[in-house]
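Descriptive structure summary
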Amino acid sequence: MSSGRVFRFAPTPERPARHLFVFLHGCGATAQSMIPIAFKFQARFPSAALVVPSGFDPDARGGAAQDWYPTHGLNPDNHRERVASVLPDVEDLVRREQTNFGVAASRTVLIGFSQGGTVALEVVKTPGVAGAVVAFCSRYARLPANGARISSRIHLVHGEYDSVVSRVYAERAARVLAGLHVPVTLDIVEDLGHALSHRAISLGSLRLLQGIYEGRRATLH
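This section reports on the structure supplied with the text. Owing to the predicted nature of the structure, the values given are computational and were not obtained by experimental measurement.

Given a rise of 1.5 Å per residue, 13 residues ought to cover 18 Å, and the 19 Å separating the end C-alpha atoms of helix H4 (residues 167-179) matches this to within 8%. Restricting attention to buried positions, one finds in H4 the residues Ala170, Ala173, Ala174 and Leu177. For H4, the buried positions fall inside an angular range of 100° around the axis, keeping them on one side. Across from the buried face of H4, at angles greater than 90 degrees, the exposed residues are Arg175 and Gly179. Buried residues belonging to H4 abut strand E6 (153-159) and strand E7 (184-189). Positive backbone phi, at 65°, marks histidine 181, one or two positions downstream of H4.

Written out as structure tokens, the structure reads:
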């Protein structure tokens, strides 16, 4: 379904990928906008393959900029449906890249900003898509229900002064996920709005590293 380009980068050492990181850009942006962020993550995870796809809605802004789902006329009543309508295509894309790089779902990480983070959070409500999500300045379209089983680690990073997606959404999500016993971290970045700063990216990649280490340690005992 994706009509835009998909950028792929092999691990920096010439050896098989140990992890697969899929980067989902924000609303009205391009895949290219996420490439510098992808390389910052790869600096901490040199054995990760990077996949940076374009959004599925090419009519979004005309030209190169794209969305994952249409934002024209978007409101609280139709938000969930619009997100839900693209999730099968996002899941297909992730599974195709897992096959392509020979990386298991448990070693796959979805990293999204804004609308891309919403898509990432929603798609891992289906078990077995990815082992972790790093969502920057994002919110759920619908908070996980009581008794939901989410097998991914969730790392939320949010700007203190985000006026597009309030930090309240991230704080609420963290509480709900903790109540469901989902491993979750929440970092509120001081003096940051709806943006990706060096500090935010560093925190996201650090939490991911800590989560992977904790998970590995848990399996050793």
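Attention shifts here to the pairing of strand E2 (residues 19-24). Moving residue by residue along a regular strand, the side chains alternate between the two faces of the sheet. Here E2 lies mainly inside the structure; 6 of its 6 residues are buried. Residues His19, Phe21 and Phe23 point to one face of E2 and Leu20, Val22 and Leu24 to the other, with burial holding for every one of them. Here E2 pairs with strand E3 (residues 48-53) via 4 bridges, running parallel. From the neighbouring strand, leucine 20 faces E3, where its bridge partner is alanine 49. Tracing the backbone out of E2, into helix H1 (residues 35-44) and back to the parallel element E3 gives a crossover that is right-handed. For E2 and strand E4 (residues 108-113), the ladder comprises 5 bridges, and the chain directions are parallel. When the sheet's bridge partners are listed, valine 22 is paired in E4 with leucine 110.

The biggest cluster of nonpolar side chains holds 36 residues, and the ones touching the most others in it are Leu110, Val133 and Ile154. Looking at this core, the elements with two or more residues in it are E2, E3, helix H2 (79-101), helix H3 (115-123), strand E5 (132-136), E6 and H4. Here the element with the most residues in this core is H2; it accounts for 6 residues. Judged by nonpolar contacts, the second largest core, of 28 residues, contains Met34, Leu50, Val52 and Val189.

With that settled, the discussion passes to the pairing of E7. The sheet contact formed by E6 and E7 spans 6 bridges and is parallel. Considered in E7, the bridge of glycine 159 is made with valine 189. In this region the chain leaves E6, passes through H4 and returns to the parallel neighbour E7; the handedness of that crossover is right-handed.

Conventions and cut-offs
- Residues numbered from 1 in each chain as written.
- Predicted model: local features only at pLDDT ≥ 70, side-chain atom pairs only at ≥ 80, totals over all residues.
- Heavy atoms only, no water.
- Helix = DSSP H or I, 4+ residues; strand = E, 2+ residues; numbered from the N terminus.
- Expected span 1.5 Å × (residues − 1).
- Buried < 20%, exposed > 50% of the residue type's maximum accessible area, 1.4 Å probe, protein only.
- Arc of directions from axis to C-beta.
- Contact = heavy atoms within 4.5 Å.
- Pairing = 2+ DSSP bridges.
- Right-handed = clockwise from strand over helix to strand, strands pointing away.
- Core = buried A, V, L, I, M, F, W, Y, C linked by side-chain atoms within 4.5 Å.

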